[in-house]
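Breakdown of the fold
Listed here are the chains, written in short residue letters.
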Amino acid sequence: MKCVSKFLPLARIVLMTVLAAALAQAAELPSPDQYFTIKDGHLSRGGQRVRIWGSQGNLSAATYAEIDAEVQRFAELGFNGFRTLWWDIDVDNWSYARGDNSDPDRRDYLFASLRKHGVSVWADMLNSALIRPSHVDLVDDPATREAWLAALGEKPVARPDWIVWDARAEAGYISDIKKLLNHVNQHTGLRWADDPVFYVWEITNEQWWLYRILNSANHLAMPQFFQDELYGQWNAWLKDRYGDDAKLREAWLGSVLPGESLEGASVKLLPLFCPTDAQAEVLGLNVKAFREAQLNYRDFSRQRGADVVEFLTNLLLAHKQRVYAAMRAEGKPDIGISVVPIVYDTGYSFSPQAIYVGGHGDALAVGTYVSQITLDPAQPRYPFKSLLKESPSLSYDNPWVEQNRLVDKPTFIYENMILMPDKYRCEYPYLLVMLASIQDWDVIDFHYYGHPEADLLTAEEPFNKMLRPDSGYSCQGLQFKWDEVLVSSLQAAGEMFKNFAFEAAEKPSIMTVGARTLWDIESVEWGKLPPMFAPTVYRYGLRLKFDPTLDAVAAVEGPVVHGREFLPPEIQPTSQMGLDWHAGILKLDAAKAKAAAGFLPEKVTFSDGIEIDNLTVHVPEDMPYTKPGEDRFVCFGLAAADGQSLAESKRLVLSATSGAFNTGMKVNLEKWPVGNQFGRLHDYVEWGFPMCEQFGSLPVLVARVGLTLKAPVLAGCRYTLKDWHLRTVREGTIAGDGVLTVEPSEPVFIVEFQR
């Protein structure tokens, strides 16, 4: 019996694989119009353009019922997209029996539940692909077989940097990717490759490959086998370009080092854009003496640096293109992975080389994080600052997202968020929608929704949880699942974005990035261009093109604003958007939506006869960081949720928020490195520093907004005031005068209107 039992796990895997294959054969494939694709440079489905407002997190709860409850709540909050963050799938042990409540079973059930609730998925499961010793024979090269195995080691490796140039690693990586694409969801009967729930597939998350080689010199820590492969390909590339040593010396203007030659394939991969220690190691020099000599990339000719950047960039691009082609080859005609967008990578959003590579995929994936924490005690709202009170930017220093919109490719924001415990955080969704509208983005995904709670189906008020302020390098300050004020603003702003409430910039400037930026080693973080990005985007809009044959830094069609120029206090990129950053007021006004955020007067007037009046904010006693006599801060949004105008919409939402903190929350002011701000180009707390001395406790103290809405277009609509648990606070019908009053004593999370 012991011998028999030994084979039972294997038999079960084989049986589950056979059953899954049979299920996939029997399942009827959806029609092509149910799949997402790219049409006319934008995300589309069924021939219609679609926008995704989503978040990543963990919705894979303990039971089917809890998964459905999590997904229902997620959809009710206005999200129509979900990003998986599943990098832990064992591709050789991902079988299950439907209903066994295993991890694979519940995750596949989640996909089915998401689709049932109208939520589509950004698939990043391919990050689970590994390089394994068993992959050694995927490339027929007996001469290097044992050396490759010795360099790899005995255990599988996740996405090593040498995957880009090592043929076996790439083949093994693709092999695992194919297994993932061919996995059959037993709750749908479809391969993942054929499932219409997915709106985009991601090859890698935050690979940062160029940064890891150029800036961090990670290749120097690799086994020598893989280093030698890289240097061999580098020398072959130079040989192909220059032919012989004489032409190399002529091009590099004296930067050929002693002992280097093409004939001997001994040209070192230098310069790098990194600390001098790494270059010293490459040169075999004494590190201490090298550091004192201050030798860096400027000690090499510009052309040698450009060759290094061009070689590495195109090495990465060719790898991505091979993986992309292999993924497409797994698809069936006109459906699934044959047509669904594929993004090459995420992260490294402030590098022109990374954007150039990513732009060869079907969409460009970039992200950003912002904070309102300030180190400057002279700030009138110290230790916080409102982003509406400074020239607009959703980055710390170099822009990460503003300029990253290509002429012919959609922009997908794969991650973004404002940190807790930022006081004015509910302004952020409206600033984001303004930028997204100017630049005409297609996807906005937020990091991080949160995790399932065990009491979701049992607690009377399961969403009364403490806010998660940041405590250093963690996701705590990014989790917003329990943040009533931020989620309320997100819901209203999300309807604006999903339903194309605001027009894009009518005639954005077009910047063609040339070789002197793309291949310039001093421009691996955009060189001298960043000061003009944000000011230009927020006034005129901006689109990027890359032309490696253009012998220039860049060529621009249209107006450009430089950050060192006078920046007017009032910005109006379109007739529907206005930001007065001296007053700290953002106003968005279109037929489909209205918004006003910031330090608002008592009355705000919009077009269509709509206004909000009698604006008040009730701040609870003991609310942290409340100063006597401080300006009224309110974020208001009214949006149609069905793509119609406010006058015709069948469903609308209204949000009015101010702020919230945990009781007793205390920022770590005394230990902040205030002096470090001098000499920096930014004003924020570095990752890794604990922002909160005390997280605080329940209850969460919420500053409630009172207002009188005057909207004749809503006369006759049914209204429902809902609390944070989506329970009805009050309901009724808007009278003929279109007036609705919300009292600051009412615990209103969102207002819904039905016509």
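Residues numbered from 1 in each chain as written. Predicted model: local features only at pLDDT ≥ 70, side-chain atom pairs only at ≥ 80, totals over all residues. Heavy atoms only, no water.

1. Remarks on the overall build of the chain
From N to C terminus, the chain includes 17 helices and 34 strands. Sorting the 755 residues of the chain into buried and exposed places 58% on the buried side. In the chain, once contacts between residues fewer than 6 apart in sequence are set aside, the share between residues at least 24 apart is 76%. Of the roughly 29,200 Å² of accessible surface on the chain, 53% is carried by carbon and sulfur atoms. (Helix = DSSP H or I, 4+ residues; strand = E, 2+ residues; numbered from the N terminus. Buried < 20%, exposed > 50% of the residue type's maximum accessible area, 1.4 Å probe, protein only. Contact = heavy atoms within 4.5 Å. Areas by Shrake-Rupley, 256 points an atom, 1.4 Å probe, with all protein chains shown as cover.)

2. Some details on the confidence of the model for the chain
Here the chain shows a mean pLDDT of 91. Residues at 70 or above account for 90%. Within the model, pLDDT remains below 50 along residues 1-14, and this stretch shows six contacts once partners closer than five positions in the same chain are excluded. (pLDDT = per-residue confidence, 0-100.)

3. Some words on the pattern of salt bridges
A full pass over the atoms with the stated rule returns 46 salt bridges. For Lys594, the salt bridge goes to Asp608, with nearest N and O atoms at 2.8 Å. Taken together, the positions of Lys594 in strand β22 (residues 593-598) and Asp608 in the loop between β23 (604-605) and β24 (611-618) put the pair 14 residues apart, joining distant regions of the chain. You can call Lys594 buried: its relative accessible area is 0%. Take Asp608: its relative accessible area is 43%, and that puts it in the partly exposed class. In the salt-bridge network here, residues are joined through shared partners; they are Arg49, Arg51, Asp440 and Asp442. (Salt bridge = Lys/Arg side-chain N within 4 Å of Asp/Glu carboxyl O.)

4. Concerning the sheet that holds strand β31 (residues 718-722)
Strand order in the open sheet formed by nine strands is β19-β20-β21-β22-β25-β26-β34-β31-β32, with antiparallel pairing between adjacent strands. Each edge of the open sheet is held by one strand with a lone partner, namely β19 (570-571) and β32 (728-733). One ladder, built from six bridges, connects β22 with strand β25 (residues 634-640); its direction is antiparallel. Across the sheet, Ala596 pairs through a bridge with Phe636, a residue of β25. Helix-sheet contacts for helix α15 (residues 484-498) involve β22, β25, β26 (651-657) and β34 (750-754), and the interaxial angle to β26 is about 140 degrees. (Pairing = 2+ DSSP bridges. Axes fitted to C-alpha atoms, helices over the stretch in contact; angles between N-to-C directions.)

5. Brief notes about the side chain of Ser393
Along the polypeptide, Ser393 turns up in the loop between β13 (364-370) and β14 (411-418). A polar atom in the side chain of Ser393 sits 3.4 Å from the backbone nitrogen of Ser395. If sequence neighbours within four positions are ignored, Ser393 has contacts with Glu402 and Tyr538. (Polar contact = N/O pair within 3.5 Å; in protein donor to acceptor, adjacent residues only side chain to side chain.)

6. Concerning the state of the cysteines
In this structure the tally under the stated criterion is zero disulfides. Lacking any disulfide linkage, Cys426 is separated from the closest cysteine sulfur, that of Cys635, by 3.5 Å. (Disulfide = S-S within 2.5 Å.)

7. Details of the packing of aromatic side chains
Two aromatic rings are characterised by how far apart their centres lie and by the angle between their planes. Summed over all chains, the structure comprises 46 aromatic pairs. Between Trp53 and Phe497, the aromatic rings sit 5.8 Å apart at their centres with planes inclined by 45 degrees, giving tilted as the arrangement. On the criterion of sequence distance, the pair formed by Trp53 in strand β4 (residues 52-56) and Phe497 in helix α15 is long-range, its members being 444 residues apart. Each member of the pair Trp53 and Phe497 is classed as buried. Ring centres of Trp234 and Trp237 lie 6.0 Å apart, and the angle between their planes is 15 degrees; this geometry places the pair in the stacked category. Taken together, the residues Trp234 and Trp237, both in helix α8 (residues 224-242) and three residues apart, mark about one turn of the helix. By way of ring pairs, the aromatic residues Trp53, Phe74, Phe79, Phe82, Phe446, Tyr449, Phe480 and Phe497 are connected into one cluster. The side chain of Arg73 reaches across the aromatic face of Phe463, ending 3.6 Å from its centre. Sitting over the face of the ring of Trp122, Arg83 holds its NZ or CZ atom 5.4 Å from the ring centroid. (Phe/Tyr/Trp six-rings, centres within 6.5 Å; stacked < 30°, edge-to-face > 60°. Lys NZ or Arg CZ within 6 Å of the ring centre and 35° of its normal.)

8. Concerning the side chain of Glu330
In this fold, Glu330 is placed in the loop between α12 (302-329) and β12 (342-343). One buried charged residue, Glu330, forms no salt bridge at all, with the nearest opposite charge on Lys178 at 4.0 Å. (Lys, Arg positive; Asp, Glu negative; His and termini not counted.)

9. Points about the sheet that holds β13
Taken in spatial order, the eight strands line up as β12-β11-β6-β5-β4-β15-β14-β13 in an open sheet, and their pairing is parallel. Looking at which strands have only one partner, the edges of the open sheet turn out to be β12 and β13. Inspection of the sheet shows strand β6 (residues 120-123) paired to strand β11 (residues 198-202) by three bridges, in the parallel sense. Paired with Trp122 across the strands is Val200, a residue of β11.

10. Considerations on the pairing of strand β21 (residues 585-589)
Bridging between strand β20 (residues 577-580) and β21 involves four bridges; their strand directions are antiparallel. Note on β21: the bridge partner recorded for Gly578 is Lys587. In this antiparallel pair of consecutive strands, β20 and β21, the connection spans four residues, and Gly584 shows a positive phi of 75 degrees. Here β21 folds back onto β22 in antiparallel fashion, the turn holding three residues.

11. Regarding unusual backbone geometry
In the segment running from Leu270 into Pro271, the intervening peptide bond is cis, with an omega of 5 degrees. Look at Leu85: it is not a glycine, yet its phi comes out positive at around 55 degrees. On the secondary structure map, Leu85 appears in the loop between β5 (81-83) and α4 (103-116). Phi is positive for Tyr625, close to 55 degrees, though the residue is something other than glycine. Within the secondary structure, Tyr625 is located in the loop between β24 and β25. Tyr625 sits in the partly exposed class, given a relative accessible area of 22%.

12. Notes on the environment of Asp176
Along the chain, Asp176 turns up in helix α6 (residues 167-181). C-alpha separation for the pair Asp176 and Arg132, spaced 44 residues apart in sequence, amounts to 9.6 Å. Excluding anything up to four places from it in sequence, Asp176 contacts Val91, Ala129, Leu130, Arg132 and His135.

13. Quick word on the environment of Leu312
Along the polypeptide, Leu312 turns up in helix α12. Leu312 sits 103 residues away from Trp209 along the chain, and the two C-alpha atoms are 9.3 Å apart.

14. Here we look at helix α5 (residues 142-152)
By the burial criterion, the buried members of α5 are Trp148, Leu149, Ala151 and Leu152. On an axial view of α5, the arc spanned by its buried residues comes to 160 degrees, and they lie on one face. In α5, the exposed positions that point more than 90 degrees away from the buried face belong to Ala143, Glu146 and Ala150. Taken together, the buried residues of α5 touch β7 (130-131), β8 (157-158), α6 and α8. (Arc of directions from axis to C-beta.)

15. What to know about the packing of α6 against α12
One way to put it is that α6 packs onto α12 with a least axis distance of 10 Å and a crossing angle of 35 degrees. Between α6 and α12 lies a crossing of right-handed hand. Contacts between α6 and α12 pair Glu170, Tyr173, Ile174, Ile177 and Leu181 from the former with His319, Arg322, Val323, Ala326 and Met327 from the latter. Classifying every residue of the contact of α6 with α12 gives seven nonpolar, one polar and two charged. (Left-handed = near helix turned anticlockwise from the far one by under 90°. Nonpolar A, V, L, I, M, F, W, Y, C, P; charged D, E, K, R; others polar.)

16. Things to note about the nonpolar core
A general trend in soluble globular proteins is that nonpolar side chains are found buried together. The biggest cluster of nonpolar side chains holds 186 residues, and the ones touching the most others in it are Trp201, Met327 and Phe446. Ranked by residues supplied to this core, first place goes to α12 with 12 residues. The next biggest cluster of nonpolar side chains, apart from the first, holds 29 residues, and it includes Leu615, Leu646, Ala656 and Ile734. (Core = buried A, V, L, I, M, F, W, Y, C linked by side-chain atoms within 4.5 Å.)

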